[in-house]
Amino acid sequence: MQKASNDRLWTKEFIIMIIINTLISIGSFMLSTTFNPYLYDIGYTASLVGVIAGISSASSMVSRICSGGMANRMNKRTLFILFGILEAVSIVLLGYITNLFLLIVMRIVQGFCYAVISTAGMTLVAGSLPEGRMNEGIGFYGLSQIIPICLAPAAGLGLAAMVGFRLMLYCSGLSIILGAALMLFIRAEDGAPEAVKTRRFRWNELIAPEAVPPALCAMCFAVLNSMIMNYIVMYSNDAGIAGVAWFYMAYGIGTLTVRIFGGRFADRNRFGTNAAIAGAVGVVSMLLIWLGGSKATLIPAGLFFGLSYGLIIPVAQAGCLSRTPPERSGTATGTYFLGIDIGFVIGSTGGGILIDHIGYARTYGWCIASILVGVVVAFVFVDKRFRKREQPALGKL
């Protein structure tokens, strides 16, 4: 992608990238909300379901170490297309596999593919945005996950119920294939700039130290999102709560609301203040899930969690990029996603183990501890160390 001139944000390629990310997210969310119940139905325990689900995030987590360097040095468009196709194929194959070893292999492949395409896509977008509107552009790019959050879980559950899990996987894979195909309309440089191609490898191309504190904060909130994506359907089934799709609708509405109306508010605050606000709203969400146990409390819980996660994630993402030199934006993006992946691993595997011992509701109650750690990280390791370099988080939406 070419950097926009004259401070212009809404270029044709930026709009196409938003559509691409929307299609990729639809395919991913359709799988994430149906795969775990499917495994549970064919006989796997909640803890083993968590391990299988967490393998994908663990693979993605490990892959982030090299995906940032790949995005720095290689043609990002080519990376996106090739690994997008591979991820779609591996998703379809899940419908023909019940063997534990093969399931784990497919999830490892999916995690690696997701790490590469998400890092390449975000790096392409970040490199094309006007310098003065970087955070604003990231905020709008993040909106491409809101429609999938609202629609994809319900679509995946509905399709699985109507036509079966296997055909639903074909729809999930097709969405990702369409996203990869649209990447052909994106202009990409021939790999990395010459200065990056010719320089010797550096260890800070694996992880950006400057981006670690915001990524750690994002990790703590990602634990909650992992618990939501992996277990809320199973929790609602266990508690006899009908209409879990409305939870995801409320989640999407909350995220959309904070992205549209929260930008100016977030710009006036430091990172720690935004994290504290997101944390307080997140605590309310977890309390409603823990103590509520009904549809009347589950839907508001989705709304509050959407507000919380929708605020902190763009703030953390912009924080990682704003603290890292532009030529290492791929590494900064990989470091941010590494934090998210670690959070997903903790949430899926640790959550499954806790659920087997103390049940769904109390496990969501324990998620409050992760929120508190994230807020402490924001104040102690982000604000105090980087206060002079803090930049606006969401831009003026």
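Residues numbered from 1 in each chain as written. Predicted model: local features only at pLDDT ≥ 70, side-chain atom pairs only at ≥ 80, totals over all residues. Heavy atoms only, no water.

Some words on the overall build of the protein
- The number of helices and strands found in the protein is 15 helices and zero strands.
- Expressed as a percentage of the 397 residues in the protein, the buried residues total 57%.
- For the protein, the share of sequence-separated contacts (at least 6 apart) that also reach a separation of at least 24 residues comes to 86%.
- As displayed, the protein has an accessible area near 15800 Å², and 68% of this comes from carbon and sulfur atoms. (Helix = DSSP H or I, 4+ residues; strand = E, 2+ residues; numbered from the N terminus. Buried < 20%, exposed > 50% of the residue type's maximum accessible area, 1.4 Å probe, protein only. Contact = heavy atoms within 4.5 Å. Areas by Shrake-Rupley, 256 points an atom, 1.4 Å probe, with all protein chains shown as cover.)

Topic: empty space enclosed by the protein
- For the structure on display, the rule yields one cavity of 30 Å³ or more.
- By volume, the largest cavity is sized at about 970 Å³.
- Every residue lining the largest cavity is counted, 46 residues in all, and those nearest its centre are Ser28, Phe29, Tyr114, Gln145 and Phe344.
- Of the residues forming the lining of the largest cavity, the biggest block, eight residues, is contributed by helix α4 (residues 100-128).
- Of the residues assigned to the lining of the largest cavity, the class counts are 22 nonpolar, 19 polar and five charged. (1 Å grid on protein atoms, 1.4 Å probe; cavity = no way out; pocket = protein on both sides within 12 Å on 5 of 7 lines; lining within 4 Å. Points joined across faces, edges and corners; volume = space filled by probe spheres on them. Nonpolar A, V, L, I, M, F, W, Y, C, P; charged D, E, K, R; others polar.)

As for the packing of aromatic side chains
- A complete count under the given rule lists 10 aromatic pairs for this structure.
- With a centroid separation of 5.6 Å and 15 degrees between ring planes, the pair formed by Phe305 and Tyr309 is classed as stacked. Taken together, the positions of Phe305 and Tyr309, both in helix α13 (residues 295-322) and four residues apart, correspond to about one turn of that helix. (Phe/Tyr/Trp six-rings, centres within 6.5 Å; stacked < 30°, edge-to-face > 60°.)

Things to note about the confidence of the model for the protein
- This prediction gives the protein a mean pLDDT of 83; 87% of its residues lie at or above 70.
- Between the elements of the protein, mean pLDDT differs from a low of 48, seen in helix α8 (residues 194-198), to a high of 95, seen in helix α7 (residues 165-182).
- A low-confidence stretch, residues 194-198 (pLDDT under 50), is modelled with seven contacts involving residues beyond four sequence positions or located in other chains. (pLDDT = per-residue confidence, 0-100.)

A few points about the side chain of Ser285
- Inspection of the secondary structure puts Ser285 in helix α12 (residues 271-291).
- When neighbours within four sequence positions are excluded, Ser285 is seen to be in contact with Ala301, Phe304 and Phe305.

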